[in-house]
Amino acid sequence: MKNKINHSMSLAKPDAIGVSNKQKIALSIGIIGLFILILALFNVNFPNKGVFLALSITLISMGIVVYSREAYLTKPEGIKNDGVWFKSISSRGVWGWLLGIILTVFYIVLYFFPAYLGLADNGSDNTGLIGLFDPLSKLLSGKPASQWFVYGTLYTLAILAFGYKFILKYKHNRYQQIRTVSVMFFQLGFAFLIPEFMYVLNSDLPYYDLKSIWPLNYYIFDEWSVKKFLSNGNIGLGFLLFGIISIFVITPILTYKYGKRWYCSWVCGCGGLAETAGDAFRQLSSKKMVAWKIERWLIHLILIFSVVMTTAMVYTYLGNSKNDFWLTRSLFITLFIGFLTFLFAGILFFKKNELGNDTKYGAISFFVIIMLLVFMHLTATTEHVFYIKGSSLRSVYGIYIGSIFSGVIGTGFYPILGNRFWCRFGCPMAAILGLQQRLFSKFRITTNGGQCISCGNCSNSCEMGIDVRHYAQKGENIVRSSCVGCGICAAVCPRGVLKLENSSMKGRINSNEILLGNSVDLMNLVNQNSNK
């Protein structure tokens, strides 16, 4: 009998290409748990929904935990060559495409056709998959489940179960363990349990994920949301003020001290799912220059759209007379344009040299926003802005950005485009934090070029498409707007070349003074040193 040929080019036999018997048993256990959910999806009437839901969740969790323990606890600590480019599911093979299609179809049904999941209409009882989750929803909040409760439960389960797998995989790195526990905590507590308990305490308060900050929480400034907050006394006003303070105070301070990683890699639910359930697909992010150019244009265009859309949304329910409310439409537009002007002038004054050619694009973006807001103010009517009905305008962002981009494409395409596609190309919150990180954050990834052996582990593992090796070979600090500070590049470096640091602003952007033949600024560096 001929031996099976190993096509790996590794000098040592790669780990975890095969699946052990214990892992096969674990997969079978998990599939049984999923099968219960599939049966519910096809309207199988279980005699005791609470028991079968608990059984399904337990089996799925048990399968992931047992599989993970067998995969990583039987091996020594350190960097693993897990054969990701030799597995169909993690290298855009047949299983990867199949999983991507299944996830995409699930998101389309979830967002646009919840009746197929069993969502009740006209006061009738839920059926199907949503009906299976009714006992858990009634236990937590006393109300029947919705498609969002089902999604939130499965979302939280994925982060917790695969978070455990992630902790085992990177057991040699304390930073990875702590930040993974952090995203698990924030997802379970702030995104899942607290909103349910808030409903029990006060059913009239709008759903509010405390860690979701505008523009991710795009509905916080909607008219119905603001009215509900204001009608609930001090507690409602407190939540609304907390949302505003989070945008203008908390976010800039934390980004200044720690970079955007404090949110994108430690708090955010989208990042939490990407880091845990999506870890197997991080190597699929494109490192091509064209991808970087598309990323820069697309994410900032979406940010501009978010700013204009939110401003227009607030504008629609303000009046023209001070007798109705002190904040009139004219005053609101004046204050907002003044704030943007002050912000842009400050950036231009303090950071013009560091931004270089990007200053031109920043100026264009600024004037585009101003012109759009002025045009809106001059042409708006009682019900229409930009010649579009206000209620229709408010739904545009939710449908095309909040649903299709972040959900259907952003998560459904994990096995095809990588686990941070939404964070990299679409998330307006990531764009804001990225600008703050690039302009005034203490965070950077320092490199020791003399120790780099050009193995490429860092670039391969970067989920944001950054060619980390390019910086490491030159001994250059990595200060990129897109970097979420996940630290995986440092965790997989066999030589300890990379280090995540929060230091002073001085010398943060500039490269270390190493004379490189391929540096376009070589002569400028020589001239600067000769004039010292």
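On a predicted model such as this, the values are computed, not experimentally measured, just so you know.

**So, the overall build of the chain**
- When helices and strands are tallied, the chain shows 22 helices and four strands.
- Long-range contacts, defined as pairs at least 24 residues apart, comprise 73% of the intrachain contacts of the chain with a sequence gap of at least 6.
- Only carbon and sulfur atoms are counted for the fraction: they give 65% of the accessible area of the chain, which is about 27300 Å².

**Overview of helix α2 (residues 49-72)**
- Here α2 contains 24 residues, and its C-alpha end-to-end distance of 35 Å stays within 8% of the 34 Å for a straight helix at 1.5 Å per residue.
- Residues of α2 that are buried: Leu53, Ser56, Leu59, Ile60, Ser61, Gly63, Ile64, Ser68, Ala71 and Tyr72.
- Looking at the packing, one finds that the buried side of α2 touches α1 (21-41), α4 (128-132), α5 (134-141) and α6 (147-169).

**So, the packing of aromatic side chains**
- Counting across every chain of the model gives 21 aromatic pairs.
- Aromatic side chains phenylalanine 344 and phenylalanine 366 sit 4.7 Å apart centroid to centroid with 5 degrees between the ring planes, which places their arrangement in the stacked category. Residue phenylalanine 344 is located in helix α13 (residues 329-355), and its partner phenylalanine 366 is located in helix α14 (residues 358-379); the two are separated by 22 residues in the primary sequence.
- For phenylalanine 344, a relative accessible area of 18% translates into the label buried.

**A short note on the pattern of salt bridges**
- Counted according to the given criterion, the structure contains eleven salt bridges.
- Glutamate 463 is the partner of arginine 420 in a salt bridge, and the nearest nitrogen-oxygen pair spans 3.3 Å. Placement of the pair is arginine 420 in the loop between α16 (414-417) and α17 (421-425) and glutamate 463 in the loop between α19 (457-461) and α20 (468-474), with a sequence separation of 43 residues. Taken individually, arginine 420 and glutamate 463 each receive the classification buried, so the pair is uniform in this respect.

**A word on unusual backbone geometry**
- Of note, the amide linkage connecting tryptophan 214 to proline 215 takes the cis form, showing an omega dihedral of 10 degrees.
- Looking at the secondary structure, you find proline 215 in the loop between α7 (174-201) and α8 (223-230).
- In this model, asparagine 43 sits at a positive phi of 65 degrees, which is unusual for a non-glycine residue.
- Mapping asparagine 43 onto the fold places it in the loop between α1 and α2.

**Points about the state of the cysteines**
- Summed over the entire model, instances satisfying the criterion amount to zero disulfides.
- With no disulfide of its own, cysteine 270 has cysteine 268 as its nearest cysteine by sulfur position, at a separation of 4.4 Å.
- Take cysteine 270: its relative accessible area is 29%, and that puts it in the partly exposed class.
- Residue cysteine 458 stays outside any disulfide, its sulfur separated by 6.1 Å from that of cysteine 455, the closest cysteine.

**Some words on helix α9 (residues 233-258)**
- Taking 1.5 Å per residue, 26 residues should reach 38 Å; α9 reaches 35 Å between its end C-alpha atoms and fits that length.
- At serine 246, α9 shows its largest bend, some 55 degrees.
- Considered for burial, the residues of α9 that qualify are Gly236, Phe239, Leu240, Gly243, Ser246, Ile247, Thr251, Pro252 and Thr255.
- Residues of α9 that are buried in the fold lie against α7, α8, α10 (261-264) and α18 (428-440).
- Immediately beyond the C-terminal end of α9, within one or two residues, lies glycine 259, with a positive phi of roughly 80 degrees.

**What about the side chain of arginine 480?**
- Relative to the elements of secondary structure, arginine 480 occurs in the loop between α20 and α21 (488-491).
- Salt bridges are absent for the buried arginine 480, whose nearest opposite-charge side chain, glutamate 295, sits at 5.2 Å.
- Looking at arginine 480, its side chain comes within polar contact range of the side chain of tyrosine 471, at 3.0 Å.
- Setting aside residues no more than four positions away along its own chain, arginine 480 makes contact with Trp292, Gln437, Ile466 and Tyr471.

**Describing the confidence of the model for the chain**
- When pLDDT is averaged across the chain, the result is 84; 89% of the residues are at 70 or more.
- The spread of mean pLDDT over the elements of the chain runs between helix α22 (residues 522-530), the lowest at 55, and α10, the highest at 94.
- Residue range residues 512-520 is modelled with pLDDT below 50. Its contacts to residues more than four positions away, or to other chains, number twelve contacts.

**Notes on a nonpolar patch on the surface**
- A contiguous nonpolar patch, built from Leu230, Leu237, Leu241, Ile244, Ile245, Phe248, Val249, Ile253, Phe339 and Leu343 and spanning about 850 Å² of accessible area, is present on the exposed surface.
- Going through the elements one at a time, α9 and α13 are the ones with two or more residues in the nonpolar patch.
- With respect to the element layout, leucine 241 can be found in helix α9.
- Overall, leucine 241 belongs to the partly exposed group, its relative accessible area being 43%.

**Points about the packing of α9 against α18**
- Packing of α9 against α18 brings their axes to within 9 Å, and their N-to-C directions diverge by 50 degrees. Considering their axes alone, α9 and α18 lie oblique with respect to each other. Along this stretch, α9 crosses α18, giving a crossing that reads as right-handed. Mapping the contact onto sequence places Thr251, Pro252, Thr255 and Tyr256 in α9 and Met429, Leu433, Gln436, Gln437 and Phe440 in α18.
- In terms of residue class, the contact of α9 with α18 is built from five nonpolar, four polar and no charged.

**A look at the pairing of strand β3 (residues 443-447)**
- In terms of residue burial, β3 counts as a mostly covered element, since five of its five residues are buried.
- Side chains Phe443, Ile445 and Thr447 project from β3 onto one buried face, and the interleaved Arg444 and Thr446 project onto a second face that is buried too.
- Sheet topology note: the β3/strand β4 (residues 498-502) ladder contains five bridges and is antiparallel. Paired with isoleucine 445 across the strands is leucine 500, a residue of β4.

**Topic: the environment of alanine 120**
- Following the sequence through the fold, alanine 120 ends up in the loop between α3 (94-112) and α4.
- Considering only alpha carbons, one finds alanine 120 and alanine 145, 25 residues apart in sequence, at a separation of 9.5 Å.
- Apart from the residues lying within four places of it in its own chain, the contact partners of alanine 120 are Asp125 and Asn126.

**With respect to the environment of tryptophan 266**
- Counting through the fold element by element, tryptophan 266 comes out in the loop between α10 and α11 (269-276).
- Judged by its relative accessible area of 22%, tryptophan 266 is partly exposed.
- Tryptophan 266 sits 82 residues away from methionine 184 along the chain, and the two C-alpha atoms are 8.9 Å apart.
- In this structure the side chain of tryptophan 266 is engaged in a polar contact, spanning 3.3 Å, whose partner is the side chain of tyrosine 175.

Conventions used here
Sequence positions are assigned chain by chain, starting from 1 and proceeding in written order. pLDDT decides what is reported in this predicted model: residues at 70 or higher carry local features, side-chain atom pairs at 80 or more are listed and counted, and totals for whole chains, interfaces and linings draw on all residues regardless. For the side-chain quantities, the full set of heavy atoms in the structure was used; hydrogens and water were omitted. Strands here are runs of E lasting at least two residues and helices are runs of H or I lasting at least four, both read from the DSSP assignment and numbered beginning at the N terminus. Pairs of residues are marked as contacts when any of their non-hydrogen atoms sit within 4.5 Å. The Shrake-Rupley method, run with a 1.4 Å probe sphere, supplies the accessible areas, and residue values consider only the shown protein chains as cover. Here a helix's expected span is defined as the number of its residues, less one, multiplied by 1.5 Å. Between buried and exposed lies partly exposed: a residue is buried under 20% and exposed over 50% of the maximum accessible area for its type, with that area taken using a 1.4 Å probe on protein chains only. A pair of Phe, Tyr and Trp rings is counted when the ring centres sit within 6.5 Å of each other, with Trp represented by its six-membered ring. The angle between the planes then sorts it: under 30 degrees is stacked, over 60 is edge-to-face, the rest tilted. The term salt bridge refers to a pairing of a side-chain nitrogen on Lys or Arg with a carboxyl oxygen on Asp or Glu at a separation within 4 Å. When the sulfur atoms of two cysteines come within 2.5 Å, that pair is taken as a disulfide. The term bend refers to the angle at a residue between two fitted axes, each drawn through seven residues, those ending there and those starting there. This count recognises Lys and Arg as positive and Asp and Glu as negative, with His and chain-terminal groups excluded. Think of a polar contact as two N or O atoms within 3.5 Å of one another; within protein, one of them needs to be a possible hydrogen donor and the other a possible acceptor, and neighboring residues in sequence only count if both atoms come from side chains. Confidence of the predictor at the level of single residues is given by pLDDT, which spans 0 to 100. Each patch is assembled from residues with relative accessible area greater than 30% and no salt bridge, linking like charges that lie within 9 Å and nonpolar side chains (Val, Leu, Ile, Met, Phe, Trp, Tyr) that lie within 5 Å. Note on geometry: axes are lines fitted to C-alpha atoms, helical ones only across the stretch in contact, with angles between N-to-C directions running from 0 to 180 degrees. Any angle from 65 to 115 degrees is called roughly perpendicular, while one under 35 is roughly parallel, one over 145 is roughly antiparallel, and all others are oblique. In a left-handed crossing the near helix is turned counterclockwise from the far helix by less than a right angle, and in a right-handed crossing that turn is clockwise. For this scheme, ten residues count as nonpolar: Ala, Val, Leu, Ile, Met, Phe, Trp, Tyr, Cys and Pro. Four count as charged, namely Asp, Glu, Lys and Arg, and the remainder, Gly too, count as polar. For two strands to pair, DSSP has to find at least two bridges joining them.

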